[in-house]
Amino acid sequence: MKYLTSLLIAVAFVSCKTTVPKEETKEEIQQNEFAIVIHGGAGTILKKNMTPELEKAYQEKLEEAVRKGYDILKNGGSSTKAVEASIHVMENSPLFNAGKGAVFTNAETNEMDASIMEGATLNAGAVAGVKTVKNPISAAIEVMNNSNHVLLSGAGADQFSKEKGLEIMDPSYFYTDRRFKSLQRIKDKEKTELDHDEKTAFYDSDIKNSKFGTVGCVALDKNGNITAGTSTGGMTNKRWNRIGDSPIIGAGTYANNNTCGVSSTGWGEYFIRGVVAHDIAAQMEYKNVTLKEATHDVIQNKLTKLGGTGGIIALDKNGNISFEFNTAGMYRASMNDKGELIVKIYKE
Ligand code: ASP
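Not measured: the values here are computed from a predicted model.

J.: How do you make sense of the nonpolar core when you look at a structure like this?
T.: Side chains of a nonpolar character, in soluble globular proteins, are inclined to be buried together. Within the largest apolar cluster, 47 residues are counted, with the highest numbers of intra-cluster contacts made by Ile-36 and Ile-38. If you look at the next biggest cluster of nonpolar residues, it comprises 34 residues, including Ala-35, Met-117, Ala-255 and Ala-294.

Laid out in structure tokens, this is it:
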């Protein structure tokens, strides 16, 4: 009888142990020595509004950007170097709302924000409202590595970048016809007589319909270090030195080697209020859920309930990748250690 009881307990134990955890039935868990994921912004990106030429241009730039970081990781380079190199490709392209393609403020200037965080040390750096730095992500890296600060803003951040020897441009470098015209369209609409409710509705639909276009990258290197970075021109027609989530550690960018790295894009005010990037890492740490479960809950449940639109890219310590957005599309790409490439724009 005693023998039978032990046998029953053992059988129950084994069958319990071999039950597949809930999350593993839903998603494929990967093990990658290194991996990289990027985004070029989320928003109302619909195939019907896209010409084949523009679609191809985005796909090619996304592929170029992700391959740049991938090559660094493959050759044993650090995740921070990979993030910087991938983001440079997008910052130097007029296609994205960062660096060269930054959107215009109400005052017809370009004011850029960027941030970076390293998951090994929780070290971080950021700049907000810079007007002359060609590659704001490099300014954020300088703040992280060569200052006692985390976030520098305005003229001081431009001055710091110059002193550190970063490439400085005349503000006219950031002019693009496409972005200037979209500011004028918004300003023209603003001139129309609208009552308060109509105005609120207009601002809402205008923001929701715009393509945000911020860029971001998260990478895991062969040493197990995760870095996340984000760079943006902010939102068209912003005023009063408005700063969004992109340079805010925990909202636009977060990385922790024990959990994951995240870069956000979307309506920044909601990402700040939801502390979106950190919330994803915190859910993994405190609730022991997978990356997919954490990103889905934060974007599809919590952010959506708040009224926020946008998305994130994220990558965990095993190189699992997540793209999550509640908009029609998000420019995005990834590569894993097998060299498998994903480049996507629309919801699928
Ligand atoms: N999140 C950015 C901001 O609010 C905009 C974007 O992602 O496109 O400044």
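J.: Got a minute to help me understand the pairing of strand 3 (residues 123–130) in this structure?
T.: Each regular strand displays side chains that alternate between the two surfaces of the sheet. In terms of burial, strand 3 is largely enclosed, as 7 of its 8 residues are buried. Across 6 bridges, strand 2 (residues 112–118) lies against strand 3 in antiparallel orientation. Of the residues in strand 3, the one forming a bridge with Glu-118 is Asn-123. As paired elements, strand 3 and strand 4 (residues 151–153) share 3 bridges and run parallel to each other.

J.: I tried to follow the confidence of the model for the chain on my own but got confused; where do I start?
T.: Interpreting fine coordinate detail is not advised for predicted regions of low pLDDT. The share of residues in the chain with pLDDT of 70 or more is 86%, and the mean pLDDT across the chain is 90. Throughout residues 7–25 the model reports pLDDT below 50, and contacts reaching past four residues in sequence, or to other chains, amount to 5 contacts.

J.: Where do I start with the sheet that holds strand 7 (residues 253–255) in this structure?
T.: Sheet strands pair by backbone hydrogen bonding; their relative direction is either parallel or antiparallel. The sheet built from 4 strands is open, its strands ordered 7-8-9-10 with antiparallel pairing. Every other strand in the sheet has two partners, leaving strand 7 and strand 10 (321–325) as the edge strands with one partner each. Ignoring which end each strand starts from, the neighbouring axes of this sheet average 10° apart. Bridge count between strand 8 (residues 260–266) and strand 9 (residues 310–316): 7 bridges; the pairing is antiparallel. Residue pairing in the sheet places Gly-261 in a bridge with Leu-315 of strand 9. In this fold helix 10 (residues 276–287) packs onto strand 7, strand 8 and strand 9, with an angle of close to 145° to the strand it touches most, strand 8.

J.: So what exactly am I meant to see when it comes to the pattern of salt bridges here?
T.: When the charged atoms of two side chains with opposite charge come close together, those side chains can pair. Tallying each qualifying case throughout the model produces 11 salt bridges. With a shortest N-O distance of 2.9 Å, Lys-338 and Asp-337 are connected by a salt bridge. By relative accessible area, which is 23% here, Asp-337 ends up partly exposed.

J.: It is not clear to me how the side chain of Arg-179 should be interpreted in this structure. Could you clarify?
T.: For Arg-179, the position within the fold is in helix 7 (residues 177–191). For the buried Arg-179, no salt bridge exists, and the shortest N-O distance to an oppositely charged side chain is 11 Å, to Asp-177. Of the polar contacts made by the side chain of Arg-179, one reaches the backbone oxygen of Leu-95; its length is 3.4 Å. Of note is the side chain of Arg-179, whose polar atom sits 2.7 Å from the backbone oxygen of Gly-101. Apart from the residues within four sequence positions on either side, Arg-179 is in contact with Pro-94, Leu-95, Phe-96, Asn-97, Gly-101, Ala-102, Val-103 and Phe-104.

J.: What's the story with the sheet that holds strand 12 (residues 341–346) in this structure? I'm lost.
T.: An order of 4-3-2-6-5-1-11-12 is seen for the 8 strands of this open sheet, with the pairing classed as mixed. Each of the sheet's edge strands pairs with one partner strand only, and the pair in question is strand 4 and strand 12. Averaged over all pairs of adjacent strands, the angle between strand axes in this sheet comes to 5°, irrespective of strand direction. In the packing of helix 3 (residues 52–74) onto the sheet, the strands contacted are strand 1 (35–43), strand 5 (215–220), strand 11 (329–336) and strand 12, and the crossing angle to strand 12 comes to about 145°. Its contacts with the sheet put helix 4 (residues 79–91) on strand 1, strand 2, strand 5 and strand 6 (226–232), and the angle it makes with strand 5 is roughly 155°.

J.: What is the right way to read helix 7 from this model?
T.: An α-helix turns once every 3.6 residues. As a result, residues three or four positions apart point the same way. Given a rise of 1.5 Å per residue, 15 residues ought to cover 21 Å, and the 21 Å separating the end C-alpha atoms of helix 7 matches this to within 8%. Those residues of helix 7 that fall on the buried side of the exposure criterion are Arg-179, Ser-182, Leu-183, Ile-186, Lys-187 and Glu-190. Buried positions in helix 7, seen along its axis, are confined to an arc of 135° and lie on one side of it. For helix 7, the exposed residues set more than 90 degrees away from the buried face come down to Arg-185 and Lys-191.

J.: Would you take a moment to explain the packing of aromatic side chains for this structure?
T.: Aromatic ring pairs are defined here through the distance separating the ring centres and the angle between the ring planes. The tally for this structure, following the rule as stated, stands at 9 aromatic pairs. An angle of 75° between the planes, with centres 5.5 Å apart, marks the rings of Tyr-58 and Phe-96 as edge-to-face. In this pair, Tyr-58 sits in helix 3 while Phe-96 sits in the loop between helix 4 and strand 2, placing the two residues 38 residues apart along the sequence. Of the two residues, Tyr-58 and Phe-96, both sit in the buried class.

J.: Just to check I follow, could you spell out the environment of Leu-220 for this structure?
T.: On the secondary structure map, Leu-220 appears in strand 5. Classification of Leu-220 as buried rests on a relative accessible area of 1%. In the structure, Leu-220 is positioned 147 residues away from Leu-73 in sequence and 7.9 Å away in space, judged by C-alpha atoms.

J.: Would you explain the pairing of strand 10 in this entry?
T.: The buried fraction of strand 10 amounts to 4 of the 5 residues, a majority that puts the element mostly inside the structure. Strand direction decides the pairing type here: strand 9 and strand 10, joined by 5 bridges, are antiparallel. Residue pairing across strands places Ile-313 opposite Phe-323, the latter belonging to strand 10. Hairpin connection from strand 9 to strand 10: 4 residues lie between these consecutive antiparallel strands, with Gly-319 at a positive phi of about 80°.

About the thresholds
Residues numbered from 1 in each chain as written. Predicted model: local features only at pLDDT ≥ 70, side-chain atom pairs only at ≥ 80, totals over all residues. Heavy atoms only, no water. Core = buried A, V, L, I, M, F, W, Y, C linked by side-chain atoms within 4.5 Å. Buried < 20%, exposed > 50% of the residue type's maximum accessible area, 1.4 Å probe, protein only. Helix = DSSP H or I, 4+ residues; strand = E, 2+ residues; numbered from the N terminus. Pairing = 2+ DSSP bridges. pLDDT = per-residue confidence, 0-100. Contact = heavy atoms within 4.5 Å. Axes fitted to C-alpha atoms, helices over the stretch in contact; angles between N-to-C directions. Salt bridge = Lys/Arg side-chain N within 4 Å of Asp/Glu carboxyl O. Lys, Arg positive; Asp, Glu negative; His and termini not counted. Polar contact = N/O pair within 3.5 Å; in protein donor to acceptor, adjacent residues only side chain to side chain. Expected span 1.5 Å × (residues − 1). Arc of directions from axis to C-beta. Phe/Tyr/Trp six-rings, centres within 6.5 Å; stacked < 30°, edge-to-face > 60°.

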